[in-house]
Amino acid sequence: MAIMNFSMLAAVSSIWKPIIGLLDWMNGGIGNFGWTVVVFSIMLRLLILPLDIWQKLSMRKQKAKMDALRPQMEKLQKQYANRPDILRQKQYELQKGSMNIFTSCLPMIFTLVIFTIVFQGFREYIVNYNQTIVTNLYNNVYLQFFKDNAEAISQACGVQVMNGEEFAAGFIPSYNYIVRSGLVDSLNNTLVNGYRPEGWLWVENVFMSDTWANVIPSASDFTSTKIGGIGAEMPTLLGVSYDQLMSPIINNYNKTNFWNIGRWNGYFILPILSIATSFISTFLQQKMMPMQVTGDAAQQKQQRVMNKIMTYLMPLVLGFFAIMYSAAFAIYYFVSNLMTTTTSIIFNVIMRSADKKKQNEQGPIIIQQPAEKKRKNK
């Protein structure tokens, strides 16, 4: 069921509001946020598929132009081997009309923009989700427990809990009243039964990371703005602390020590899959990308090494976010990478087939070998 309403969404920055609203609407129909993220990721990749194909076609054309210029590039290297400044200028002039730096950088720019928007949207959604869960647990379980046990608490503590169907004027639903009335175990069972984390396949809580992380966030995790923290604001919990409210649930789900593997939130499966598919996608993208080649052979080699380092560094950086933040984001990252990889493979197969068909139509290229010189008779 949907966990937010539009009044809550109004407080969120308008930049991320469309994504949060869409996720909440989809989750209301699907009923599980993990599968909601899967469907959302597929929809997003299909939406941007035309741009992805256009970008692949553009890079393919540029790569073909650069490959055609390679013999002339090598000729310039030999001609100006001892004059590097002139060599770079001549190379730049030769490839100026064939190389579009923006198109070559587009995959990285586009990936970063989409990553930033989706990541922030997920972050805001998860913040609102956790705040809503705690607020609902307080209002619908904790306060309701006072109402259901008003007579026993009043007699044990000498206070007037209820005034008709409402709390008595000035009454504060203090956790100490529950302790004094001997109803702690009953309250704890009620809290545990009133909360169930949003799981997905092997992940116990999709709003926590698919690692050895705790299933239920501690108070410090709940409010922390550091890497891996939720960054939520603590809701107003009159008469009870977060630890008192959540302790029975934490004890029921969280690990007691690191080796309590059965109570890990996940097993690093999503982060590993995310990084692996990201590397494959990057590798396929790298093969299609045209290389701007300037300078002598040593400088070109250094440039290619740096390009590869920068290209393969991104999967590690984004993989770090898949490890540190929620499994929901890791699901998005994995599904998105998987679809990108699949699209690249299909595109490459189609292009190879088209190239082969074109080559067959043109017929085989016959290369005439130079005639051997006759030996002079002695």
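Every residue gets a number counted from 1 within its own chain, in the order that chain's sequence is written. Predicted model: local features are reported for residues with pLDDT of at least 70 only, side-chain atom pairs are reported and counted for 80 or more only, and whole-chain, interface and lining totals are derived from all residues. Only heavy atoms go into the side-chain values, all of them from the structure, while hydrogens and water stay out.

A. Seen up close, the overall build of the protein chain. Along the backbone of the protein chain there are 14 helices and two strands. Exposed residues in this analysis have more than 50% of their type's maximum accessible area, buried residues have under 20%, and partly exposed residues fall in between, with area computed by a 1.4 Å probe over protein chains only. When each of the 378 residues of the protein chain is scored for burial, the buried share is 43%. Contacts are assigned to residue pairs that have any heavy atoms within 4.5 Å of one another. The contacts of the protein chain with a sequence gap of at least 6 include a subset with a gap of at least 24, amounting to 73%. Total accessible area on the protein chain stands at roughly 21800 Å², and carbon and sulfur atoms take up 59% of it. In this text, helices come from DSSP runs of H or I with a minimum length of four residues, and strands from runs of E with a minimum of two, each type numbered from the N-terminal end. Residue burial considers only the protein chains on display, and all accessible areas are found by Shrake-Rupley using a 1.4 Å probe.

B. Quick look at unusual backbone geometry. One non-glycine residue, Leu201, adopts positive backbone phi at about 50 degrees. Considering the arrangement of structural elements, one finds Leu201 in the loop between helix 9 (184–193) and helix 10 (219–223). With a relative accessible area of 56%, Leu201 lands in the exposed category.

C. The side chain of Arg45, seen in detail. Structurally, Arg45 is set in helix 3 (residues 33–47). Since its relative accessible area comes to 14%, Arg45 is described here as buried. Within 3.5 Å is the distance limit for a polar contact, defined as a pair of N or O atoms, with the added protein rule that one can donate a hydrogen and the other accept it, and that residues adjacent in sequence qualify only through two side-chain atoms. Among the polar contacts listed, one links the side chain of Arg45 to the side chain of Thr340, at a separation of 3.1 Å.

D. Focus on the confidence of the model for the protein chain. Confidence scores labelled pLDDT are given residue by residue by the predictor and lie between 0 and 100. Per-residue confidence for the protein chain averages 79 on the pLDDT scale, and 78% of its residues sit at or above 70. Helix 9 holds the highest mean pLDDT among the elements of the protein chain, 92, whereas helix 1 (residues 6–9) holds the lowest, 38. The low-confidence segment residues 1–13, where pLDDT is below 50, has 24 contacts with residues more than four positions distant or belonging to other chains. Counted against residues more than four places away or in other chains, residues 365–378, with its pLDDT under 50, gives zero contacts.

E. Fine view of the packing of aromatic side chains. Note on aromatic pairs: the rings of Phe, Tyr and Trp (six-membered ring only in Trp) are paired at centre separations within 6.5 Å, and the planes decide the class, stacked below 30 degrees, edge-to-face beyond 60, tilted for the rest. One pass over the structure, following the stated rule, counts 25 aromatic pairs. Here the aromatic rings of Phe171 and Tyr177 are separated by 5.7 Å at their centres, their planes lie at 15 degrees, and the arrangement is stacked. Classification of Phe171 as buried rests on a relative accessible area of 12%. A relative accessible area of 17% places Tyr177 in the buried class. Counting every residue linked through ring pairs, the aromatic cluster contains Phe33, Phe40, Phe122, Tyr125, Tyr129, Phe207, Phe329, Tyr332 and Tyr333.

F. Quick peek at the nonpolar core. Grouping buried Ala, Val, Leu, Ile, Met, Phe, Trp, Tyr and Cys residues that are joined through side-chain atoms within 4.5 Å yields what is termed a nonpolar core. Phe40, Phe122, Tyr142, Leu245 and Tyr332 are the most contacted members of the largest nonpolar core, which has 74 residues in total. For this core, the leading source of residues is helix 6 (residues 101–148), giving 18 residues. Beyond its immediate chain neighbours, meaning those up to four positions away, Tyr142 contacts Leu137, Pro173, Ser174, Tyr175, Leu187, Leu238, Gly239, Val240 and Leu245.

G. Main features of the packing of helix 9 against helix 11 (residues 242–253). At their nearest, the axes of helix 9 and helix 11 sit 9 Å apart, and the two run at 65 degrees to each other. Looking at the two axes, helix 9 sits roughly perpendicular to helix 11. The chirality of how helix 9 crosses helix 11 is right-handed. Counting all contacts with helix 9, which are made through Asn188, Leu191 and Val192, the residues of helix 11 involved are Leu245, Pro248, Ile249 and Asn252. When the residues that make up the contact of helix 9 with helix 11 are grouped by side-chain class, the tally is five nonpolar, two polar and no charged. Where helices are involved, their axes are fitted lines through C-alpha atoms of the stretch in contact, as for all axes, and angles between N-to-C directions lie from 0 to 180°. Small angles under 35 degrees read as roughly parallel and large ones over 145 as roughly antiparallel, with 65 to 115 read as roughly perpendicular and the rest as oblique. By convention the crossing between two helices is left-handed if the near helix lies anticlockwise of the far one by an angle smaller than a right angle, and right-handed if it lies clockwise. For this scheme, ten residues count as nonpolar: Ala, Val, Leu, Ile, Met, Phe, Trp, Tyr, Cys and Pro. Four count as charged, namely Asp, Glu, Lys and Arg, and the remainder, Gly too, count as polar.

H. Region of the structure containing helix 7 (residues 150–157). Every buried residue of helix 7 is listed here: Ala150, Ile153 and Cys157. Mapping the buried residues of helix 7 onto a view down its axis gives an arc of 70 degrees, with all of them on the same face. Turned more than 90 degrees off the buried face of helix 7, the exposed positions are Glu151 and Gln155. Looking at the residues trailing helix 7, positive phi occurs at Gly158, about 70 degrees. Taken from the helix axis, the directions to the C-beta atoms give the arc we talk about.

I. Representation of the side chain of Asn205 within the structure. Among the secondary structure elements, Asn205 is positioned in the loop between helix 9 and helix 10. When residues no more than four places from it in sequence are discounted, the contact partners of Asn205 are Tyr195, Pro197, Glu198, Gly199, Val215 and Asn265.

J. The arrangement of the packing of helix 2 (residues 17–30) against helix 3 in detail. At a minimum axis distance of 9 Å, the contact between helix 2 and helix 3 shows a crossing angle of 125 degrees. Judged by the inter-axis angle, helix 2 sits oblique to helix 3. Pair helix 2 / helix 3 crosses with right-handed handedness. Residues Ile19, Leu22, Leu23, Met26, Asn27 and Ile30 of helix 2 form the contact with helix 3, whose participating residues are Phe33, Trp35, Thr36, Val39, Phe40 and Met43. Each residue belonging to the contact of helix 2 with helix 3 can be placed in one class, and the counts come to ten nonpolar, two polar and no charged.

K. Region of the structure containing a nonpolar patch on the surface. Grouping into patches uses exposed residues only, defined as over 30% relative accessible area, and leaves out salt-bridged ones; the cut-off is 9 Å for like charges and 5 Å for nonpolar side chains (Val, Leu, Ile, Met, Phe, Trp, Tyr). The salt bridge criterion pairs a side-chain nitrogen of Lys or Arg with a carboxyl oxygen of Asp or Glu, the two atoms within 4 Å. Together, Trp212, Phe258, Trp259, Ile261, Tyr267, Ile269 and Leu273 line one region of the surface with nonpolar side chains, adding up to about 690 Å² of accessible area. Tracing the chain through its elements places Ile269 in helix 12 (residues 269–288).

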